[in-house]
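Structural description and commentary
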Amino acid sequence: MSQKTTLTSKVEEKWLEKSGRKLIYPKMENIAVIEVDNFPSLGKFAALRFIEWVLANPGGVISLPTGKTPEHFIKWVTYYLKNWNLPQVKTELENNGINPSKTPDMKSLHFVQIDEFYPIDPTQTNSFYYYVNKFYIKGFNLDPSKALLIDVSRIGLERGEKITDIFPDEYVDLTLRTRQPNTRFENRQKEFIMKIDQWCSDYEEKIRKLGGIGFFLGGIGPDGHIGFNVLGSDHHSTTRLTPTNYETQAAAASDLGGIEIARKRLVITIGLATITHNRDAVAIIIAAGEAKARVIYNAVQMPRSNLYPATVLHDMPNARLYLTKGAAHLLTERVYIDIKEAAELSPQTVERVIIDLALDRRKKLVDLTADDFKSIRSAAEVLKRSKEKLADLTARIERNLIEKIEQGREDIVGKSFMHMGPHHDDIMLGYLPYIVHLVRPTTNTHTFNYATSGFNAVTNLYVLGMLQRLKEWIVSPDSEKLLQEDYFRPDYELGRSRDVYQYLDGIAAHSRTMKTEGECRRLLRILVFLFEENSIAQLTNRIDELINYFSTQYPGKKDLPYIQQLKGMIREWEADLLWGYFGFNTQSVNHIRMGFYKGEIFTEQPELERDVRPILSIMESQQPDIVSVALDPEGSGPDTHYKVLQATMEAVKIYQDTKPDVKIFGYRNVWYRFHPSDVNIVVPVSLNSMAILDNAFMNCFGSQKEASFPSYEYDGPFFRLAQRIMVEQYQMLKTCLGRDYFYSHESPRMRAAHGLIFLKSMNVQEFMNRAAELRKSME
């Protein structure tokens, strides 16, 4: 047995046994993997392994991650340390192979910070220096004198000097490493960069003098990065000041207050060779959710390569990947074993495998041959276990896909729709082209309901621009007249709708002036509500205060509650505009403002009275026949989606007593895709519908036009990524069904299709089962 398949950890032994898997499947896998059921279990497992290692290695060197990935790791370690002597904790430790008779000597440990943005003020709450001090040095009661930290305010600076004295616009030009400076100031910057480089070398040397890192725990980024060792990093890299790539910048945008900031930031990161210097180190990568499945596949199954940073761990005997089942779901041998060992194959599994085979072979379903099935083990196993002949099996899958498209073309009339969105652009990005058809029958009714206020998606710079425009408009005769009319009073619902009509008239007239007036009316209405003032003098003072606030706050800082409300109401205005496009006034748009959404790094769980009751109240008032929800899988996209789904599920559970036959439409948008086998409604999307999506997004969602918080998959506004996904889904089914199915279809709507939307229609019990399955994977 090789080192890779030998376990020396009792904790790992217990959890591996619980998983029912082998540690590694050598035919396909190059690194050991242990699977767990859900995200919190992932943190608990990592916490127990960490405590086990600390007990065995007093005085050891540890390096731990930042961000949201270690949320449950931090919670469990803190829990065990604080409650070590409680009988139930001792029992739990013993059950996981840990002897609780000796407590971990946390003060003996040496801590190594993995990375940091550069430049950044270390006192900012969005700096990693602040994070490790709060959660690790203080939270784990480590000895600060034994910590190697990246405090960028101390690197290369003289007494009284600030980073902005060297880099006034916070832009560090690394070409100065290799080119001649053009000015004295550039010469000073060049010298300073050399000081940073020397500091990085010294930091590396300090780590190596400690014997290297003994326990490394890290996440994995969307491009496969570990620390800030992005795709393409040299496996022999050491601590350095370095730029990042777009994927990493997009992932960091929410921390830094926008992609505009992230693009300018460099990073200081330990290197891949820093992590692997101690060959006997325990090096663990944790990953949760199906969204991470592709980078996990690359890390586990691809050969060592700079393209896949985590492959540097392949030769380390104690390297592990701790994964949720979602993160592991593309690992080839494990997929095959699940199919082979299943007592019965579900229709969805059979359909998924055969569709994937058609896409892999780039063939129509009905053109697949026995040789095609033999080329992939999971497909061969499905065919072997099927009671149907090959031709009958593929023809049935083809019929299934066509039935799903027919469902998407079917007219729905006489129904009440309750559209639920976690954030203000989720509904439109998920299925706006379908809504274009659903709103046409006058017998259908619709409400558009937004669970959170979405303030995290509004940058300071955007609000600053709005305030500056308002400052000019508020002194105009139009403003004064409206104030005298009491137009801005909070209970004047018609006035809220008139704001929208004014702006939409401006879109129709291509008039920036008219649009600006509509925007200023709504912003002034928000300020009147927030500050309970209505004189021009008082409001002008408030505008000046806010301009000063947004001019001086660093991007990414958690805002004060009333600022969060201001930003949230700007997002609500954008949603009002969107549905105004389709003739709905503001009374058809509900802004729920669920209480768990507070801008914290680790968010709260939904509560019945605070978060579920408002949704239920809308259901009881509207009596919907169909409720839509964002149905993202575990660990993909913002966790807001999951929490809104659970709150909606609790509301539906009560509402079904009133309407047992209520239907649920599950949708996805830019955060994760459905597989065709997951859905039962497929909606054709024309270029005309795509144009509506484009125009509505760019005109209504002003705060999102610049894509300050983009997806790592696409550098641009979300609607373009949503459109790209629709096109990809169309291409998938065009491969499976053949181009003639679309090009020669009797319906002009089908011939006009160049994209597809995937939806999952469920009855209440199916929805409950799906939500419970997701809860199991998350909680």
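Report follows, based on the coordinates. (Residues numbered from 1 in each chain as written. Predicted model: local features only at pLDDT ≥ 70, side-chain atom pairs only at ≥ 80, totals over all residues. Heavy atoms only, no water.)

This part is about the overall build of the protein chain. When helices and strands are counted, the protein chain shows 30 helices and 17 strands. Relative to the 2.2 N^0.38 estimate, which gives 28 Å for 779 residues, the radius of gyration of the protein chain is 28 Å and therefore close to what a compact globule would have. When its C-alpha atoms are laid out on the principal axes, the protein chain stretches across 80 × 75 × 60 Å. Residue burial in the protein chain is summarised as follows: out of 779 residues, 59% are buried. Intrachain contacts of the protein chain at a sequence separation of at least 6 include 78% that bridge at least 24 residues. For the protein chain, the computed accessible surface area is about 32500 Å², with 49% contributed by carbon and sulfur atoms. Between the centroid of the 96 positive side chains of the protein chain and the centroid of its 99 negative side chains there is a distance of 4 Å. (Helix = DSSP H or I, 4+ residues; strand = E, 2+ residues; numbered from the N terminus. Rg over C-alpha atoms; globule rule 2.2 N^0.38 Å. Buried < 20%, exposed > 50% of the residue type's maximum accessible area, 1.4 Å probe, protein only. Contact = heavy atoms within 4.5 Å. Areas by Shrake-Rupley, 256 points an atom, 1.4 Å probe, with all protein chains shown as cover. Lys, Arg positive; Asp, Glu negative; His and termini not counted. Charge placed at Lys NZ, Arg CZ, Asp CG, Glu CD.)

Attention now goes to the packing of aromatic side chains. Following the criterion strictly, the structure yields 34 aromatic pairs and no others. Arranged with centres 3.8 Å apart and planes meeting at 5 degrees, the rings of Phe448 and Trp579 form a pair that is stacked. Of this pair, Phe448 sits in strand 12 (residues 445–450) while Trp579 sits in helix 23 (residues 561–580); the two residues are 131 residues apart in sequence, bridging distant segments of the chain. Taking relative accessible area as the criterion, Phe448 reaches 0% and is therefore assigned buried. In this structure Trp579 comes out as buried when scored by relative accessible area, which is 0%. Joined through ring pairs, the aromatic side chains of Phe50, Trp53, Phe73, Phe111, Tyr131, Phe135, Tyr136, Phe140 and Phe215 make up one cluster. One cation-aromatic arrangement involves Arg294 over Tyr297; the distance from NZ or CZ to the ring centre is 5.0 Å. Stacked on the ring of Tyr487, the Lys or Arg Arg525 has its end atom at 4.7 Å from the ring centre. (Phe/Tyr/Trp six-rings, centres within 6.5 Å; stacked < 30°, edge-to-face > 60°. Lys NZ or Arg CZ within 6 Å of the ring centre and 35° of its normal.)

Our next topic: the sheet that holds strand 14 (residues 626–630). Read from one edge of the open sheet, 7 strands run 13-12-11-14-15-17-16, paired in mixed fashion. A single partner strand is all that each edge strand has here, and the edge strands are strand 13 (589–591) and strand 16 (681–686). Looking at each pair of strands side by side, their axes are set apart by 25 degrees on average, direction ignored. By the bridge criterion, 6 bridges tie strand 16 to strand 17 (residues 753–762) in an arrangement that is antiparallel. (Pairing = 2+ DSSP bridges. Axes fitted to C-alpha atoms, helices over the stretch in contact; angles between N-to-C directions.)

Below, the discussion takes up the pattern of salt bridges. Under the definition given, this model contains 48 salt bridges. Of the charged contacts, one joins Arg177 and Asp197 as a salt bridge, the two residues approaching to 2.7 Å between their closest N and O atoms. Of this pair, Arg177 sits in the loop between helix 6 (163–166) and helix 7 (184–209) while Asp197 sits in helix 7, and the two are 20 residues apart along the sequence. Relative accessible area serves as the criterion here: at 29%, Arg177 is assigned to the partly exposed category. The closest approach of N and O atoms between Glu493 and Arg496, which form a salt bridge, is 3.4 Å. With Glu493 and Arg496 both in helix 20 (residues 493–508) and 3 residues apart, this pair spans about one turn of that helix. Residue Glu493 is classed as partly exposed on the basis of its relative accessible area, which comes to 28%. Residue class for Arg496 comes out buried when judged on its relative accessible area of 19%. Connected through salt bridges with shared partners, the residues Glu493, Arg496, Asp499, Arg522, Arg525 and Asp576 form a single ionic network. (Salt bridge = Lys/Arg side-chain N within 4 Å of Asp/Glu carboxyl O.)

On to the pairing of strand 16. Burial of strand 16 is extensive: 6 of the 6 residues sit out of reach of the surface. Residues of strand 16 alternate between two faces, with Ile681, Val683 and Val685 on one and Val682, Pro684 and Ser686 on the opposite face, all of them buried.

What follows concerns helix 15 (residues 377–385). Looking only at helix 15, the buried set comprises Ser378, Ala379, Glu381 and Val382. Viewed along the axis of helix 15, the buried residues span an arc of 160 degrees, placing them on a single side of the element. Where helix 15 is buried, its residues contact helix 12 (332–341), helix 13 (347–361) and helix 14 (370–374). (Arc of directions from axis to C-beta.)

For the rest of this paragraph, the subject is the pairing of strand 10 (residues 319–324). The side chains of a regular strand alternate, first on one face of the sheet and then on the other. Most of strand 10 sits inside the fold, with 6 of its 6 residues counted as buried. Sheet analysis places strand 1 (residues 32–36) next to strand 10, joined by 5 bridges and oriented parallel. Residue pairing across strands places Ala32 opposite Arg320, the latter belonging to strand 10. Note that the unit made of strand 9 (residues 282–287), helix 11 (residues 293–301) and strand 10 has a crossover that is right-handed. (Right-handed = clockwise from strand over helix to strand, strands pointing away.)

Now for the environment of Asp315. The topology assignment puts Asp315 in the loop between helix 11 and strand 10. Among all residues touching Asp315, those that are not within four sequence positions of it are Arg279 and Arg304.

Let's shift gears to the packing of helix 1 (residues 10–19) against helix 2 (residues 39–56). Running from N to C, helix 1 and helix 2 point in directions that differ by 155 degrees, and their axes come no closer than 8 Å. One finds that helix 1 runs roughly antiparallel with respect to helix 2. Along its contact with helix 1, which presents Lys10, Val11, Glu12 and Trp15, the element helix 2 presents Ser41, Lys44, Phe45, Leu48, Arg49 and Glu52. (Parallel < 35°, antiparallel > 145°, perpendicular 65-115°, else oblique.)

Position of Ala722 relative to the elements: it lies in helix 27 (residues 718–737). Separated by 54 residues in the primary sequence, Ala722 and Arg668 place their C-alpha atoms 9.6 Å from one another. In contact with Ala722, not counting residues within four places along its chain, are Leu429 and Val670.

Our focus in this paragraph is helix 3 (residues 71–82). Relative to the 16 Å expected for 12 residues at 1.5 Å per residue, helix 3 spans 17 Å between its end C-alpha atoms, a close match to the ideal helical length. Inspection of helix 3 places Glu71, His72, Phe73, Ile74, Val77, Thr78 and Tyr80 among the buried residues, and these make up the whole buried set. Buried positions along helix 3 lie against helix 2, helix 4 (87–95), helix 5 (128–138) and strand 6 (215–218). (Expected span 1.5 Å × (residues − 1).)

Ranked by internal contacts, the top residues of the largest apolar core, which has 66 residues, are Tyr118, Ile268 and Leu313. It is helix 7 that contributes the most residues to this core, 7 residues altogether. Residues Val353, Ile592, Phe742 and Ala753 belong to the second largest nonpolar core, which totals 60 residues. (Core = buried A, V, L, I, M, F, W, Y, C linked by side-chain atoms within 4.5 Å.)

So, about the sheet that holds strand 10. Strand order in the open sheet made by the 7 strands is 1-10-9-6-2-3-5, with parallel pairing throughout. Where the open sheet ends on each side, the last strands, each with one partner, are strand 1 and strand 5 (147–148). Note that strand 3 (residues 110–112) and strand 5 share 2 bridges and pair parallel. In the sheet register, Phe111 faces strand 5, and the bridge partner there is Ala147. Packed onto the sheet, helix 2 meets strand 1, strand 2 (61–63), strand 6, strand 9 and strand 10 and runs at close to 155 degrees relative to strand 10.

Among the secondary structure elements, Thr459 is positioned in the loop between strand 12 and helix 18 (460–473). A polar contact is formed between the side chain of Thr459 and the backbone nitrogen of Tyr462, at a distance of 3.1 Å. (Polar contact = N/O pair within 3.5 Å; in protein donor to acceptor, adjacent residues only side chain to side chain.)

Bringing the packing of helix 17 (residues 426–438) against helix 26 (residues 687–700) into the picture now. Between helix 17 and helix 26, whose axes approach to 9 Å, the crossing angle comes to 125 degrees. Relative to helix 26, the element helix 17 is oriented oblique. Helix 26 is crossed by helix 17, and the crossing has right-handed handedness. For the pair formed by helix 17 and helix 26, the contact residues are Met428, Leu429, Leu432, Pro433 and Val436 on the first element and Ser689, Ile692, Leu693, Ala696 and Phe697 on the second. Here the residues of the contact of helix 17 with helix 26 sort into 9 nonpolar, 1 polar and no charged. (Left-handed = near helix turned anticlockwise from the far one by under 90°. Nonpolar A, V, L, I, M, F, W, Y, C, P; charged D, E, K, R; others polar.)

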